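A closer look at the structure
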Amino acid sequence: MNRYLLDNRRPEAGERFEALAALFDPWTFHHLDDLGLGEGWRCWEVGAGGVSVPRGLAERVGTSGRVLATDIDVSWTEPAAGGPLEVRRHDVLRDPPPAETFDLVHARLVLVHLEDRAAALRVMIDALRPGGWLVIEDADPALQPLACPDERGPDEELANRLRTQIRTLMAERGADLAYARTLPRLLREWELTDVSAEAYFPIASRACAILEAATVQHVSDQLLAAQLATPEEIETHLRNLTRGDLDLMLAPMITAWGRKPN
């Protein structure tokens, strides 16, 4: 069984990638740009998923740079390959690491789902050149578990209940829903320098509702099979989302970064 609940093979994955890009790409590239990302950099995007981050990296590094985008399923990123962007099928836990080093290694919403997060971190840190930057971004659902913090009625209560059930499925698949908060400490323990972190909480955005609807549709079969929701509850929640008046909130995205010593 695939341990990853939100795998790339479902048709809803495309909607999820678009919503994630709208919500988090400005946040991600704000941090990468602040670290100096630019012309000539060599970058490894781990668990790329959608195309937006690899494409943004390629635009910044230019023809003198290089971007390697890897994932266990590259169907969404492969069409963008070309120029400085190489797309490669790769499992960070099971395949040999790239035979090169990088100025930047970045992973967003990847480590929290892996069965051996420490091993994946080691692979990524080993792939950094001296002075290179590691940037890890993961959500921390345990810090903010609600879909609707302003629970003023049955629609919000249903949204919160379904969000809890989806996270139950994620935990059963091995996701660590409190992992992201440990990233600054872990990067220091791996002896990276200049370690820092920030968190971002999207709320009441149309993209939040789009992501929520795509996620619920993506996992509806699993929710029903585990008897964590009824068809009527799922249909009602999706209908509520189309109205646009649920003030949805996501788990905080924690971005942590550190530099490999020279």
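See above for the structure.
Reading the values: the criteria
Residues numbered from 1 in each chain as written. Predicted model: local features only at pLDDT ≥ 70, side-chain atom pairs only at ≥ 80, totals over all residues. Heavy atoms only, no water. Helix = DSSP H or I, 4+ residues; strand = E, 2+ residues; numbered from the N terminus. Rg over C-alpha atoms; globule rule 2.2 N^0.38 Å. Phe/Tyr/Trp six-rings, centres within 6.5 Å; stacked < 30°, edge-to-face > 60°. Buried < 20%, exposed > 50% of the residue type's maximum accessible area, 1.4 Å probe, protein only. Pairing = 2+ DSSP bridges. Axes fitted to C-alpha atoms, helices over the stretch in contact; angles between N-to-C directions. Contact = heavy atoms within 4.5 Å. Parallel < 35°, antiparallel > 145°, perpendicular 65-115°, else oblique. Left-handed = near helix turned anticlockwise from the far one by under 90°. Nonpolar A, V, L, I, M, F, W, Y, C, P; charged D, E, K, R; others polar. Expected span 1.5 Å × (residues − 1). Bend = angle between axes of the 7 residues up to and from the residue. Polar contact = N/O pair within 3.5 Å; in protein donor to acceptor, adjacent residues only side chain to side chain.

Description of the overall build of the chain
Broken down by element type, the chain carries 7 helices and 7 strands. Listing each helix as α and each strand as β along the chain from the N terminus yields α-β-α-β-β-β-α-β-α-α-β-α-α-β. Rg of the C-alpha trace for the chain: 18 Å, near the compact-globule value of 18 Å for 262 residues, within the 12% margin. The principal-axis extents of the C-alpha atoms in the chain amount to approximately 55 × 35 × 35 Å.

Considerations on the packing of aromatic side chains
Inspection of every chain in the model, using the stated rule, returns 4 aromatic pairs. Taken together, a centroid distance of 5.9 Å and an interplanar angle of 75° make the contact between Phe17 and Trp76 edge-to-face. Taken together, the residues span a long stretch of sequence, with Phe17 in helix α1 (residues 12-34) and Trp76 in the loop between β2 (66-71) and β3 (85-89) at a distance of 59 residues. Seen in terms of ring centroids, Phe24 and Tyr200 are 6.0 Å apart; in terms of plane orientation they differ by 90°. Their pairing is edge-to-face. Of the two residues, Phe24 is situated in helix α1 and Tyr200 in strand β6 (residues 193-200); the sequence distance between them amounts to 176 residues. By relative accessible area, which is 4% here, Phe24 ends up buried. A relative accessible area of 28% means that Tyr200 is categorised as partly exposed. In this structure an aromatic cluster arises from ring pairing among Phe24, Trp27 and Tyr200.

Quick look at the sheet that holds strand β1 (residues 42-46)
Adjacent strands of a sheet pair through backbone hydrogen bonds, lying either parallel or antiparallel. Strand order in the open sheet formed by 7 strands is β3-β2-β1-β4-β5-β7-β6, with mixed pairing between adjacent strands. Sheet topology places β3 and β6 at the edges, where each strand pairs with a single neighbour. Each adjacent strand pair in this sheet contributes to an overall mean axis angle of 15°, direction not counted. With 7 bridges joining them, strand β5 (residues 128-139) and strand β7 (residues 253-259) adopt antiparallel strand pairing. Looking at the pairing, Glu137 lines up with Thr255 of β7. Helix α3 (residues 117-126) contacts β1, β4 (102-108) and β5 of the sheet and is inclined by roughly 145° relative to β5.

Thoughts on the packing of helix α4 (residues 154-172) against helix α6 (residues 206-225)
At a minimum axis separation of 11 Å, α4 and α6 run at an interaxial angle of 60°. In this view, α4 runs oblique relative to α6, as classed from their interaxial angle. The way α4 lies across α6 gives a crossing that is left-handed. Residues Arg163, Gln165, Ile166 and Leu169 of α4 form the contact with α6, whose own contacting residues are Glu212, Thr215, Val216, Val219, Gln222 and Leu223. Considering only residue class, the contact of α4 with α6 consists of 5 nonpolar, 3 polar and 2 charged.

Focus: α6
Residues spaced three or four apart along an α-helix point in a common direction, a consequence of the helix completing one turn every 3.6 residues. Given a rise of 1.5 Å per residue, 20 residues ought to cover 28 Å, and the 29 Å separating the end C-alpha atoms of α6 matches this to within 8%. For α6, the principal kink sits at Val219 and spans about 55°. Along α6, 14 of the 20 residues are buried, which leaves the element largely enclosed by surrounding structure. For α6, the N-terminal cap is Ser205; the gap from its side-chain oxygen to the backbone nitrogen of Ala207 is 3.0 Å. Positioned one or two residues after α6, Gln227 has a phi angle of 55°, which is positive.

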